[in-house]
Amino acid sequence: MIELQNVTKTYNHGAVIALRNCSVSIAKGEFVFLVGPTGSGKSTLLRLVLREELPDQGTIWVAGKNVCQLSRWKVPYLRRNIGCVFQDFRLLPTKTVFENVAFALEVIGRPRHVIAAQVPQILDLVGLARRRDALPHQLSGGEQQRVAIARAFVNRPLILLADEPTGNLDPDTSEDITRLLDRINRTGTTVVMATHNASIVDRMRRRVVALDQGRIMRDEARGVYGHV
Amino acid sequence: MPYAVKEMASNLWRNRLMTLAAVLTVAVSLSLVGAALLLNQGVSRAVGKWRGGVELIVYMTPAGQPYPAATPAQIRAVRDQLSRDPEVKSFRYVGPAQSYREAKQYFSSQPDLLKVLKPDDLPTSFRIVLRHADQAAALGRRFEHQPGVYRVLYNRQAVDAMLRVTDVMQIVIAALAVVLLLSALVLILNAIRVAIFARRREVAVMKLVGATNWFIRVPFMLEGLVQGLVGALVAAGAVFGMGHLVSYLIAHFQANLFRYALVTGHQVALTVAAVIVLGAVIGTGASALGVRRFLEV
């Protein structure tokens with residue numbers, strides 16, 4: 001589903017090396033933790049998968065497409081296969097929970113009856129059916145992240161990328177969010193979660209890819225956070 | 001695409017002061033463009049009429065000058081010469097009564113002047129049409145020093161002088177219009193930029209969930225188009241109004257010399273169409289530029 005082959009990515013004309021000759025392969029339906037200290041290249045890797053940036057060297061395959069050779073106008077269609085969740089939620093503050101989720105379908109041209117059917121369903125899945133008319137600032141952090149997950153998943157993408165989704169949340173809520181991502185993973189969606197949260201990684205015992213200074217230090221099938 | 005229309009309307013409303021400034025600038029600059037176009041058409045019409053008519057006027061000395069007035073014999077001498085000259089296609093003598101009538105029309109807005117003006121004060125004249133317009137100077141020279149002749153007026157020179165004046169006017173108006181159009185462009189560009197900034201969260205989410213570039217761009221482009229078009233419509237009204245005002249003024253003040261400069265309804269309609277098209281182009285052009293510059297997709 002996601003494959004990086006000898007990928008190198010630098011910034012500032014080579015002054016900062018974000019990824020050094022990384023190769024990693026993630027199969028369909030996997031749940032992968034991406035761990036490593038700040039600046040180790042986790043976010044860069046996710047941005048490359050999203051094709052927000054292009055690598056300096058190497059090739060990247062996402063959902064059967066070589067993203068390095070993808071023409072610009074096809075990028076949006078690639079992204080429809082990828083859901084995305086961030087530490088800072090990125091909800092639209094003037095829209096209700098329902099509208100925030102519906103927005104993701106609206107802007108890719110889904111017809112109204114599809115939106116009316118799918119949004120309540122996904123809100124049910126994330127446990128926010130009763131808060132559909134609330135505005136983001138009326139919600140707790142955990143609830144806001146659930147809305148963000150609902151928005152990322154409402155179009156049933158093949159891949160869900162989560163960039164430190166529990167970074168702003170307390171331990172219990174972090175647990176809940178991780179469990180929700182796990183449930184989404186069980187529907188067959190490939191989940192890649194970049195995180196600092198050692199306890200969650202240790203408890204879940206899923207595949208762990210550890211990065212440090214742009215290198216892949218460790219890739220274990222049922223790993224722990226560990227010390228890199 | 002109802003989404004794009006909804007977004008565009010809300011962008012315009014959020015940003016209404018900036019929108020107003022952009023629309024007004026477009027309106028003023030396009031009105032000037034329209035005025036320049038009308039002037040241009042009016043002048044070329046008038047020149048055609050003026051040129052086709054009288055080319056040379058020989059004025060006989062009127063009473064009340066430091067030298068004696070033209071005698072009937074002197075007037076007859078000029079008439080005889082004109083009727084014999086092969087270069088003269090036709091001519092007509094304008095006597096004191098008709099000169100006075102013309103003067104009354106010409107100075108109708110200055111009744112004080114008319115009160116002191118007597119028919120005898122006005123020079124009588126020969127209005128001459130030539131076979132070859134370029135012979136005007138040669139023929140005129142022959143009459144200039146003839147006894148009883150007050151002065152010779154070359155209409156062609158007058159027309160050319162008038163043309164030079166209107167040429168300068170057109171250049172000035174066009175330059176002003178270009179400067180204003182540029183500022184309209186910048187204002188629309190800025191309005192688009194502000195709209196994009198105000199929508200940066202939405203734009204980021206749209207990019208993330210895979211909205212196409214055009215889907216993201218179109219509301220902003222429409223916004224520019226509407227600003228350009230509304231400004232153009234105001235300007236079109238102004239052009240239409242100017243056309244009517246000029247013909248009213250000419251009729252009201254009996255400014256017959258300018259009657260030749262009246263543009264036809266057809267020409268006004270064409271000018272209005274040009275102004276509207278230009279407005280749409282400016283609006284879309286500015287927003288396309290803004291979207292390219294400030295919206296990374």
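Check the entry above for the structure.
Just so it is clear, the model here is predicted, and its values are computed rather than measured.

Caption draft 1: Structural view of the interface of chain B and chain A. Residue-level contacts link 15 residues of chain B with 20 residues of chain A. Across the chain B/chain A interface, buried area totals approximately 1500 Å², and carbon plus sulfur atoms make up 64% of it. It is Val 205, Leu 208 and Val 209 of chain B in chain B that bury the most area against chain A; as a group they hold 38% of the surface buried on that side. Counting every contact that joins chain B to chain A gives 1 salt bridge. We note a salt bridge from Glu 106 of chain A to Lys 6 of chain B, for which the minimum N-O separation is 3.7 Å. Connecting chain B to chain A are 2 residue pairs in polar contact (both at pLDDT 80 or more). Here the element with the most residues in the side of chain B that touches chain A is helix H8 (residues 200-209) of chain B; it accounts for 7 residues. For the side of chain B that touches chain A, the residue count by class is 8 nonpolar, 3 polar and 4 charged.

Caption draft 2: Expanded view of the nonpolar core. Of all hydrophobic cores here, the largest spans 78 residues; its most connected members are Val 107 and Val 119 of chain A together with Met 206 of chain B. Per-element tally for this core: the top contributor is helix H9 (residues 213-252) of chain B, with 8 residues. For Val 107 of chain A, the residues in contact, after removing those within four places along its chain, are Tyr 3, Met 206, Val 209, Ala 211 and Phe 215 of chain B. Judged by nonpolar contacts, the second largest core, of 30 residues, contains Leu 46, Val 49, Ala 194 and Val 209 of chain A.

Caption draft 3: View of the packing of aromatic side chains. All names here are of chain B. On inspection of all chains with the given rule, the structure shows 4 aromatic pairs over all chains. Taking the centre distance of 4.9 Å and the plane angle of 45° together, the rings of Tyr 93 and Phe 126 count as tilted. One end of the pair, Tyr 93, is in strand S2 (residues 88-94); the other, Phe 126, is in strand S3 (residues 125-130), and 33 residues separate them in sequence. The partly exposed category is assigned to Tyr 93, whose relative accessible area is 25%. Accessibility expressed as a relative area gives 0% for Phe 126, which makes it buried. Put simply, the rings of Phe 91, Tyr 93 and Phe 126 pair up and form one aromatic cluster. In this structure, Arg 79 packs its charged tip against the face of Tyr 93, placed 5.3 Å from the ring centre. If you follow Arg 217 out to its NZ or CZ, it ends over the ring of Trp 214, 5.0 Å from the centre.

Caption draft 4: The arrangement of the sheet that holds strand S1 (residues 56-60) of chain B in detail. Residue and element names in this part refer to chain B. Across the sheet, 4 strands lie side by side as S2-S3-S1-S4; this open sheet has antiparallel pairing. Edge strands, defined here as strands with exactly one partner in the open sheet, are S2 and strand S4 (149-154). Each strand of the sheet is rotated relative to its neighbour by a mean of 20°, with strand direction disregarded. Sheet topology places S1 next to S3; 4 bridges connect them, and they run antiparallel. Residue pairing in the sheet places Val 58 in a bridge with Phe 126 of S3. Packed on one face of the sheet, helix H3 (residues 72-84) meets S1, S2, S3 and S4 and runs near 160° to S2.

Scoring rules and cut-offs
Residues numbered from 1 in each chain as written. Chains lettered and ligands numbered in written order. Predicted model: local features only at pLDDT ≥ 70, side-chain atom pairs only at ≥ 80, totals over all residues. Heavy atoms only, no water. Contact = heavy atoms within 4.5 Å. Buried area = accessible area lost by both parts, 1.4 Å probe. Salt bridge = Lys/Arg side-chain N within 4 Å of Asp/Glu carboxyl O. Polar contact = N/O pair within 3.5 Å; in protein donor to acceptor, adjacent residues only side chain to side chain. Helix = DSSP H or I, 4+ residues; strand = E, 2+ residues; numbered from the N terminus. Nonpolar A, V, L, I, M, F, W, Y, C, P; charged D, E, K, R; others polar. Core = buried A, V, L, I, M, F, W, Y, C linked by side-chain atoms within 4.5 Å. Buried < 20%, exposed > 50% of the residue type's maximum accessible area, 1.4 Å probe, protein only. Phe/Tyr/Trp six-rings, centres within 6.5 Å; stacked < 30°, edge-to-face > 60°. Lys NZ or Arg CZ within 6 Å of the ring centre and 35° of its normal. Pairing = 2+ DSSP bridges. Axes fitted to C-alpha atoms, helices over the stretch in contact; angles between N-to-C directions.

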